[in-house]
2 protein chains.
Amino acid sequence: MKLLENKILTDGKVLEGDILKVDNFLNHQIDVALLNELGREFYRLFINEGITKIVTIEASGIGVACIAAQYFNVPVVFAKKTVSLNISTNVYTAKVTSFTKKKTYDAVISKEFLHPTDKVLIIDDFLAQGSALEALISIVTQSGASVAGAGIIIEKAYQGGGDLIRSKGIRVESLARIKSMSHEKGITFC
Amino acid sequence: MKLLENKILTDGKVLEGDILKVDNFLNHQIDVALLNELGREFYRLFINEGITKIVTIEASGIGVACIAAQYFNVPVVFAKKTVSLNISTNVYTAKVTSFTKKKTYDAVISKEFLHPTDKVLIIDDFLAQGSALEALISIVTQSGASVAGAGIIIEKAYQGGGDLIRSKGIRVESLARIKSMSHEKGITFC
């Protein structure tokens with residue numbers, strides 16, 4: 001998606017440790033007008049899938065999931081990263097290893113909010129090694145619901161997580177796919 | 001706001017430990033159509049304040065902040081609860097004690113995203129003892145920006161946090177204000 005690629009080239013910064021810093025429009029400050037265009041694009045891509053629910057993971061997936069949900073007219077369910085006091089123990093869980101935070105945690109969704117009749121679109125801001133997306137796919141599958149696909153804002157394609165998940169037959173649509181990036185040579189897209 | 005009060009009465013549950021469980025429409029599963037009405041109401045309340053930015057805190061404030069931001073046509077900045085690797089150390093911080101999670105953490109916003117010219121609307125889902133809101137007010141004030149007010153979805157008015165903050169001259173608008181609640185007697189609004 002050209003609009004997004006241009007935004008990444010203009011406002012993104014490549015930091016040491018293979019980190020793409022997009023916190024001025026995506027995951028700290030949020031450009032809501034941009035999210036609206038991204039949400040509209042996810043709707044265009046998945047309009048014929050009979051989506052009944054959007055699933056994401058806290059925190060930075062929530063904004064784009066809610067904006068996209070307005071087009072689909074469905075609820076959002078976001079996976080929590082720890083079990084807090086006001087979630088029941090009646091939950092689906094899966095392990096996630098965070099690339100940027102270099103730690104492992106549980107993604108958790110209450111059994112109340114996923115059903116075998118659901119057709120789920122998973123939305124997230126980043127896809128790198130694919131750990132968060134695999135966890136969300138596992139959780140949706142545990143519930144008996146079907147995964148219609150995943151809508152990702154930025155995929156670090158060179159890390160291979162997206163293609164690994166595609167090879168399992170899951171539809172993954174990423175609005176920007178990064179082929180390579182470095183502080184010196186900048187960013188190229190697939 | 002009658003729509004919200006009715007939703008709380010229909011779908012909310014009062015749990016032991018003074019917890020109002022609204023995770024089927026607000027902070028786990030999100031009723032995006034409802035958020036849209038809440039966002040519109042925040043816009044009606046703060047339309048004349050010249051808002052330039054909406055500030056919230058992860059995770060469950062992000063959805064409503066993004067939906068509301070569509071009306072104001074401004075960016076959202078969400079405070080993070082820990083310093084992750086891709087936020088610079090150039091940040092404003094304040095301590096928060098979570099009522100539901102019974103722990104203390106730092107709320108963090110990068111100095112890049114708040115400026116003395118900003119007029120900030122703070123949005124959050126819950127206001128009880130007021131710790132998160134006080135932290136966000138502190139962060140906005142540290143930056144030199146002005147706090148135009150706070151838009152809260154559910155205020156547990158009987159806990160006093162909202163009135164304490166109002167007594168300091170901050171405008172706090174809560175869409176539902178709970179006067180009392182218990183598992184036996186149910187919920188009453190102010």
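Refer to the preceding data block for the structure.
Residues numbered from 1 in each chain as written. Chains lettered and ligands numbered in written order. Predicted model: local features only at pLDDT ≥ 70, side-chain atom pairs only at ≥ 80, totals over all residues. Heavy atoms only, no water.

Attention now moves to the pairing of strand 5 (residues 76-79) of chain A. Along strand 5 of chain A, one buried face is formed by V76(A) and F78(A) and the opposite face, lined by V77(A) and A79(A), is buried too. Inspection of the sheet shows strand 4 (residues 53-57) of chain A paired to strand 5 of chain A by four bridges, in the parallel sense. Along strand 5 of chain A, the bridge assignment pairs I57(A) with A79(A). Regarding topology, helix 3 (residues 61-72) of chain A serves as the crossover connection from strand 4 of chain A to the parallel strand 5 of chain A, and that connection is right-handed. Of the pairings in the sheet, the one linking strand 5 of chain A to strand 3 (residues 29-30) of chain B comprises two bridges and is antiparallel in character. From the neighbouring strand, V76(A) faces strand 3 of chain B, where its bridge partner is I30(B). (Buried < 20%, exposed > 50% of the residue type's maximum accessible area, 1.4 Å probe, protein only. Helix = DSSP H or I, 4+ residues; strand = E, 2+ residues; numbered from the N terminus. Pairing = 2+ DSSP bridges. Right-handed = clockwise from strand over helix to strand, strands pointing away.)

Turning our attention to the sheet that holds strand 3 (residues 29-30) of chain A. With mixed pairing, the seven strands of this open sheet are ordered in space as 3(A)-5(B)-4(B)-8(B)-9(B)-10(B)-11(B). The sheet terminates laterally at strand 3 of chain A together with strand 11 (186-189) of chain B, the two strands that pair on one side only. Pairing analysis gives eight bridges linking strand 8 (residues 119-127) of chain B to strand 9 (residues 146-156) of chain B, with the strands arranged parallel. Each residue of the ladder has a partner; that of K119(B), found in strand 9 of chain B, is S146(B). Relative to the sheet, helix 3 (residues 61-72) of chain B contacts strand 3 of chain A together with strand 4 (53-57), strand 5 (76-79), strand 8 and strand 9 of chain B, its axis offset from that of strand 4 of chain B by approximately 170°. (Contact = heavy atoms within 4.5 Å. Axes fitted to C-alpha atoms, helices over the stretch in contact; angles between N-to-C directions.)

Another aspect to go through is the packing of aromatic side chains. Taken as a whole, this structure holds four aromatic pairs over all chains when the rule is applied. Their ring planes at 85° and their centres at 4.9 Å tell us that Y43(B) and F72(B) sit as a pair that is edge-to-face. Taken together, the residues span a long stretch of sequence, with Y43(B) in helix 2 (residues 32-46) and F72(B) in helix 3 at a distance of 29 residues. Cluster of aromatic residues (ring-pair linked, three or more members): Y43(A), Y71(A) and F72(A). Over the aromatic face of F46(A) sits the side chain of R171(A), whose NZ or CZ is 4.3 Å from the ring centroid. (Phe/Tyr/Trp six-rings, centres within 6.5 Å; stacked < 30°, edge-to-face > 60°. Lys NZ or Arg CZ within 6 Å of the ring centre and 35° of its normal.)

If you look at the interface, chain B gives 41 residues, while chain A gives 41 residues. With both sides pooled, the region where chain B packs onto chain A buries about 3500 Å², and carbon together with sulfur makes up 60% of that total. For the pair chain B and chain A, the number of links is two salt bridges. When the shortest N-O distance is used, the salt bridge between E112(B) and K21(A) registers 3.5 Å. The interface formed by chain B and chain A holds 13 residue pairs in polar contact (both at pLDDT 80 or more) in total. The element best represented in the side of chain B that touches chain A is helix 3 of chain B, accounting for six residues. Grouping the amino acids of the side of chain B that touches chain A by side-chain chemistry returns 19 nonpolar, 14 polar and eight charged. (Buried area = accessible area lost by both parts, 1.4 Å probe. Salt bridge = Lys/Arg side-chain N within 4 Å of Asp/Glu carboxyl O. Polar contact = N/O pair within 3.5 Å; in protein donor to acceptor, adjacent residues only side chain to side chain. Nonpolar A, V, L, I, M, F, W, Y, C, P; charged D, E, K, R; others polar.)

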